[in-house]
Amino acid sequence: MFCYQCEQTAKGTGCTIQGVCGKDAQTAALQDLLLYLTKGISMYAHRAGQLGARDREIDVFTIEALFSTVTNVNFDPERLKNLIHKASEIREKAKALYETAAKKTGISTEKPGGPAVLVPAGDLAGLVKQGEEFGVLGRKAKFGEDIAGLLELLTYGLKGAAAYADHAHILGVEDDSVYASFHEGLDFLTKEKYTADEIVGMSLKAGELNFKIMELLDKANTGAYGHPVPTKVRVEPVKGKAILVSGHDLKDLEELLMQTEGKGINIYTHGEMLPAHGYPKLKAYKHLVGNYGGAWQDQIKEFDKFPGAILMTTNCIQRPGASYINRIFTTGLVAWPGAKHVTRKDFSPVINAALAADGFKEDGSNQEILVGFGHNAVLGVADKVIDAVKSGKIKHFFLIGGCDGAKSGRNYYTDFAKKVPQDSVILTLACGKYRFNKLDFGAIDGIPRLLDIGQCNDAYSAIQIALALSKAFVLPVNELPLSLILSWYEQKAVAILLTLLYLGIKNIRLGPSLPAFVTPAVLSVLVENFNIKPISTPDADIKAILG
Ligand code: SF4
Ligand code: SF4
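Values in this document were obtained by computation on a predicted structure and should not be read as measured data. (Residues numbered from 1 in each chain as written. Chains lettered and ligands numbered in written order. Predicted model: local features only at pLDDT ≥ 70, side-chain atom pairs only at ≥ 80, totals over all residues. Heavy atoms only, no water.)

A closer look at the packing of helix α5 (residues 136–143) against helix α6 (residues 145–170)
Two quantities define a packed helix pair, namely the angle between the axes and the distance from one axis to the other.
Phase 1 of the analysis: Between α5 and α6, the shortest axis-to-axis distance is 7 Å and the interhelical angle comes to 135°. Judged by the inter-axis angle, α5 sits oblique to α6. Judged by the sense of rotation from one axis to the other, the crossing of α5 with α6 is right-handed. Contact with α5, carried on its side by V136, R139, K140 and F143, involves E145, I147, A148, L151, E152 and Y156 of α6 and no other residues of that element.
Phase 2 of the analysis: In the contact of α5 with α6, the residues fall into 6 nonpolar, no polar and 4 charged. (Axes fitted to C-alpha atoms, helices over the stretch in contact; angles between N-to-C directions. Helix = DSSP H or I, 4+ residues; strand = E, 2+ residues; numbered from the N terminus. Parallel < 35°, antiparallel > 145°, perpendicular 65-115°, else oblique. Left-handed = near helix turned anticlockwise from the far one by under 90°. Contact = heavy atoms within 4.5 Å. Nonpolar A, V, L, I, M, F, W, Y, C, P; charged D, E, K, R; others polar.)

Take a look at the structure:
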């Protein structure tokens, strides 16, 4: 196997024997084959789309297949086998869609090869053997390190964007042009020859696509649950039976809240579900009592101690420990062999497991943190913020956010947040915030110095806030007193990075290490065009930023 799609890749170069995430060689090959066949689907769907023919089943399957190959989502060979066979069926449907559309318009049909024609084997062993041919190593041999790395940058951007498109689609918000862009991007990935410039161009297009999707997801979340409002969240247990909900999918949380109402079970958020507390329609459920634990990489230790059932709605799942394998459940596209899979229509197995477990024996302390600073909440106090900047009480904004992870070096973000001068405000989002979100940063004229904007996809909110500041001070975003200190882990972060580059945002500091697929030649292009920098030390970076 070879995989270097996430930040924790082995030795900073690539996982070759077993993924650090727990992905084995079999699963890696199956994911590579699924991705390959999905490109085949898009070869037809893109051509059909250009002739005005679309099919929603094909479109939705495409984003689900991509999301299933994102880090820490699907580790189950049987589920992947089924997805591969479904991909083959969907590809036939896409082929028929294209050929019918071509016939109607009287043009001769193209006969794409490769991913458009490969017949998947019937059994698991055969599929694994096929998948081994379609990994990164083949592309490195064919195109060289730089072009292969750029192709992976685009691929991972599309995977991350697909995850967000799936969240929005679950809430009923979709857009045909979004699906068309996925097919265009995946079809592009089947070409035989590339220049670096055209891949960079397509990657920025993927950034634009992801911006549109984050906007759709913002509409989906706020349309369904209202705009987040500043909300205090308890981070200590409450005595009683308990369910912990992790991942990013608010719809799953809502369904679980409905299905547990009046059953005497307290619901806790975990990881990226924390921002749910700020949404008016979710916080209205009294048994949504608080948040438990920190970011995804601490789950083995924390889930072991959690005395109830656990529901994983999306990434990031890790290999479940023996002490909780019988009380952890997956739903949606998440899968781990041995963990029971449930659908959001019926969470009764999760509820029964919670009722059978001990629950918390006593209340913890009353410690609380503050969440709910989406664009609506922040722009609602924009006048106050602008006045504070004009009077010199706020001198700088630091966006310190992104994914958390297990590798060493991530305490940089804790140290950085602690060292941010008292006259500066910290904006944060995604699970990287757990590095510092229980610290007390105080306030400036009633404005909290730490503003939790939300999940990783709420980068959309951060962009809206930056645009509002830019308008208020009549300055380009790159000239605002605003610095982006980002941490990345998996492909959603790659999608967001491409969005920021598409928007022309410069001077981003990225860590804890740079992506392994970004070769020195590609890095020099990114530095030249966007002045991206690796993080160094908090002191040196703060000094360089503030002068
Ligand atoms: S997803 Fe990350 S940890 Fe898992 S195999 Fe790939 S590079 Fe390794
Ligand atoms: S922000 Fe990234 S690392 Fe964190 S839980 Fe979400 S997908 Fe995983």
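Focus: the pattern of salt bridges
Phase 1 of the analysis: Under the definition given, this model contains 26 salt bridges.
Phase 2 of the analysis: Residue R410 pairs with E7 through a salt bridge whose shortest N-O separation is 3.1 Å. Within this pair, whereas R410 is found in the loop between β9 (396–402) and α15 (411–419), its partner E7 is found in the segment before α1 (25–50), the two being separated by 403 residues in sequence.
Phase 3 of the analysis: Across the pair D423 and K395 runs a salt bridge, and its minimum N-O distance is 3.6 Å. On the criterion of sequence distance, the pair formed by D423 in the loop between α15 and β10 (424–429) and K395 in the loop between α14 (382–390) and β9 is long-range, its members being 28 residues apart.
Phase 4 of the analysis: Using a relative accessible area of 25% as the deciding quantity, one classes D423 as partly exposed.
Phase 5 of the analysis: What makes K395 exposed here is its relative accessible area of 52%.
Phase 6 of the analysis: What you see here is one network of salt bridges that share partners, running through D55, E57, K86 and K93. (Salt bridge = Lys/Arg side-chain N within 4 Å of Asp/Glu carboxyl O. Buried < 20%, exposed > 50% of the residue type's maximum accessible area, 1.4 Å probe, protein only.)

Observations concerning helix α17 (residues 491–502)
Phase 1 of the analysis: Here α17 spans 16 Å end to end across 12 residues, near enough to the 16 Å set by a 1.5 Å rise per residue.
Phase 2 of the analysis: Of all 12 residues that make up α17, 11 are buried, and the element is covered over most of its length.
Phase 3 of the analysis: The inward-facing, buried residues of α17 abut α6, α8 (196–225), α16 (459–472), β14 (482–487), β15 (509–511) and α18 (520–530).
Phase 4 of the analysis: N-capping of α17 is provided by E490, with a side-chain oxygen placed 3.3 Å from the backbone N of K492.
Phase 5 of the analysis: Directly after α17, the chain includes G504, whose backbone phi takes a positive value near 80°. (Expected span 1.5 Å × (residues − 1). Polar contact = N/O pair within 3.5 Å; in protein donor to acceptor, adjacent residues only side chain to side chain.)

A short note on the packing of aromatic side chains
Phase 1 of the analysis: Under the definition given, this model contains 22 aromatic pairs.
Phase 2 of the analysis: Arranged with centres 5.0 Å apart and planes meeting at 70°, the rings of F2 and Y4 form a pair that is edge-to-face.
Phase 3 of the analysis: The buried category is assigned to F2, whose relative accessible area is 14%.
Phase 4 of the analysis: Each ring, one from F398 and one from F416, has its centre 5.5 Å from the other, and the planes form 70°; the classification is edge-to-face. Here F398 is found in strand β9, whereas its partner F416 is found in helix α15, with 18 residues between them in sequence. F416 carries the same exposure label as F398, and that label is buried.
Phase 5 of the analysis: Taken together, the aromatic side chains of F2, Y4, Y156, W488 and F517 make up a single cluster linked through ring pairs. (Phe/Tyr/Trp six-rings, centres within 6.5 Å; stacked < 30°, edge-to-face > 60°.)

Points about the sheet that holds β15
Either a parallel or an antiparallel arrangement is found when strands of a sheet pair, and the pairing is made through backbone hydrogen bonds.
Phase 1 of the analysis: Taken in spatial order, the 6 strands of this open sheet run β13-β10-β9-β14-β15-β16, and their pairing is parallel. Edge positions in the sheet fall to β13 (450–454) and β16 (533–534), since each of these pairs with one other strand and no more.
Phase 2 of the analysis: Bridging between β15 and β16 involves 2 bridges; their strand directions are parallel. The residue of β16 that forms the bridge with R509 is K533.
Phase 3 of the analysis: Across the sheet, α16 touches β9, β10, β13 and β14, and the angle it forms with β13 is around 125°. (Pairing = 2+ DSSP bridges.)

Here's the deal with the site of ligand 2
Phase 1 of the analysis: Around ligand 2, 13 residues are found, and the nearest of them are H248, C316, C403, C431 and E490.
Phase 2 of the analysis: Of the residues in the shell around ligand 2, the class split is 7 nonpolar, 2 polar and 4 charged. (Near = heavy atom within 4 Å.)

Observations concerning the pairing of β10
Phase 1 of the analysis: Burial analysis of β10 places 6 of its 6 residues in the buried class, which makes it a mostly covered element.
Phase 2 of the analysis: Across 4 bridges, the pairing between β9 and β10 is parallel. Its bridge partner lying in β10, L399 is registered against L427.
Phase 3 of the analysis: Handedness of the β-α-β unit built from β9, α15 and β10 comes out right-handed.
Phase 4 of the analysis: Across 4 bridges, β10 lies against β13 in parallel orientation. Within β13, the position partnered with L427 by the bridge is L451. (Right-handed = clockwise from strand over helix to strand, strands pointing away.)

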